[in-house]
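Below are the chains, spelled out letter by letter.
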Amino acid sequence: MVSSLECVCTVEEIGFGQSAIRHHIIQWVSEKNRKLNDGYDFEKSRTPAKRAISSGAIDLSQSIAATDVNKPKSTETAENVEEISDYSAQLICAVIFNVAAFRNLSVKTHLASAAKYLQVKSRGCGKYELAQKLAIALVQKGYVEIQSPADYKDLEREKIVILKDFEKELTAAKREKNEVLSSSSSGSTESVDGTDSSPPSSLSEVDDESID
C-alpha cells in the first residue's frame, strides 16, 4: 500500500516520504480499530454537522428532515392542506429551506420573513402555528406540490416536490428591499436648499474723495 501511495502522497519539501506515509496509515488503522472496539458503526448514516450544512457541502434535497414533533399516531387522514398537522407542516418548512431539522429554523430569520413575503399574518403566532400557516401558503401558492395520494396528517418526504426556489426568491426580495432603503437614505442627505449663500454685495459705495 505504501509503495502505491508514495508517488501521489510524497512531499519532498517537508520530508513527507515513505516512512511518513507508513506511519500515517498505521495511525489511521489504529484509530479505526479503536472506534470499532468502542462499538462505532461506520456503515450507519448520520445527520451532517451544522457547519457542513451551512457551507452547502451536502445535498439535503432527498434526505429526511427531522421535525420537533413525532409522527401522528392517529389513523385519521387529511386530503385538505388546511387540515395539515404540526408534523407535516414542519417537514414542509424544513424541506423548502433545505435544512436537516426544523429546529435549525428560527422564527425571526426564516419563518417571519417568509410569512411577510407570502403575505401570511404572523403576529401573535408561535413557531409551530407559524409553520402551519407557511406550509399551507407554500402549497397553495405553488412553491410545493404534494404527490398523490396526499395525507397532510402524515406526509412523507418523498411526496414533497419543490416546484420553485423559494429561498432564492426570498433572498432576492430582501436584497431589493435593502437596495431601495439604501438609495432612499442616501438621497435624503442631499441638500435641497437652492438659496444663494454668497455674501451680500454692498448696497452703496462711497467715493473716497471728499465732495466740495
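Here the residue numbers are simple positions, counted from 1 along each chain's written sequence. Local features are withheld for residues below a pLDDT of 70 in this predicted model, meaning they are given only at 70 or higher, and side-chain atom pairs are given and counted only at 80 or more; totals for whole chains, interfaces and linings count all residues. Side-chain metrics in this entry use all non-hydrogen atoms of the structure; hydrogen atoms and water are not considered.

When a protein is soluble and globular, its nonpolar side chains tend to lie buried together. Definition used in this section: a nonpolar core is a set of buried Ala, Val, Leu, Ile, Met, Phe, Trp, Tyr and Cys residues joined via side-chain atoms within 4.5 Å. Exposure classes here rest on a 1.4 Å probe applied to the protein chains alone. A residue is buried below 20% of its type maximum, exposed above 50%, and partly exposed in between. Of all hydrophobic cores here, the largest spans 38 residues; its most connected members are Ile92, Phe97, Val144, Ile146, Tyr152 and Phe166. Counting residues per element, the ones that place at least two in this core are α4 (86-96), α5 (107-117), α6 (127-140), β1 (144-146) and α7 (166-188). Residue contacts are defined here by distance: any two heavy atoms, one from each residue, within 4.5 Å place the two residues in contact. If sequence neighbours within four positions are ignored, Phe166 has contacts with Ile96, Phe97, Ala114, Tyr117, Leu118, Leu138 and Tyr143. Think of it this way: any DSSP run of H or I at least four residues long counts as a helix, any run of E at least two long counts as a strand, and we number them from the N terminus.

Tracing the chain through its elements places Ile136 in helix α6. Separated by 47 residues in sequence, Ile136 and Ala89 place their C-alpha atoms 7.7 Å apart. Once you skip the residues sitting within four places of it in the chain, Ile136 turns out to touch Val81, Glu82 and Ile84.

Where burial is concerned, most of α4 is hidden: 10 out of the 11 residues are buried. For α4, the full list of buried residues reads Tyr87, Ser88, Ala89, Gln90, Leu91, Ile92, Cys93, Ala94, Val95 and Ile96. Looking one or two places after α4, you find Asn98, whose phi comes out positive at around 55°.

The next point concerns the environment of Val120. Inspection of the secondary structure puts Val120 in the loop between α5 and α6. Note on Val120: relative accessible area 15%, which makes it buried. Expressed as a C-alpha distance, the spacing of Val120 and Leu134, which sit 14 residues apart in the sequence, is 7.2 Å. Apart from residues no more than four positions distant in its own chain, Val120 is found in contact with Ala115, Lys133 and Ala137.

On to unusual backbone geometry. Following Ser148, the chain continues into Pro149 via a peptide bond in cis, with omega recorded as -5°. Located in the positive-phi region is Asn98, a residue other than glycine, with phi close to 55°. Of note, Asn98 is situated in the loop between α4 and α5.

With that settled, consider the pattern of salt bridges. The term salt bridge refers to a pairing of a side-chain nitrogen on Lys or Arg with a carboxyl oxygen on Asp or Glu at a separation within 4 Å. A complete count under the given rule lists 1 salt bridge for this structure. Its salt-bridge partner being Glu31, residue Arg34 comes within 2.6 Å of it at the nearest N-O pair. Linking Arg34 with Glu31, this pair stays in helix α2 (residues 18-37), spanning 3 residues, or about one helical turn. Accessibility expressed as a relative area gives 42% for Arg34, which makes it partly exposed. We classify Glu31 as partly exposed; its relative accessible area is 39%.

Here the focus is the packing of helix α1 (residues 2-9) against α2. Interaxial angles span 0 to 180 degrees and are taken between N-to-C directions of axes, which are lines fitted to C-alpha atoms, for helices over the stretch in contact. One can describe the packing of α1 onto α2 by two numbers: an axis separation of 10 Å at closest approach and a directional angle of 115°. Of the two possible hands of crossing, α1 and α2 adopt the one that is right-handed. Taking contact as the criterion, the partners of Val2, Leu5, Glu6 and Cys9 in α1 are, on α2, Gln18, Ile21, Arg22 and Ile25. Charged means Asp, Glu, Lys or Arg here, nonpolar means Ala, Val, Leu, Ile, Met, Phe, Trp, Tyr, Cys or Pro, and polar covers whatever is left, Gly included. In terms of residue class, the contact of α1 with α2 is made up of 5 nonpolar, 1 polar and 2 charged. Handedness of a crossing is defined here by the sense of rotation of the near helix relative to the far one, left-handed for an anticlockwise turn of less than a right angle and right-handed for a clockwise turn.

Don't take any of this as a statement about function, it's just geometry.
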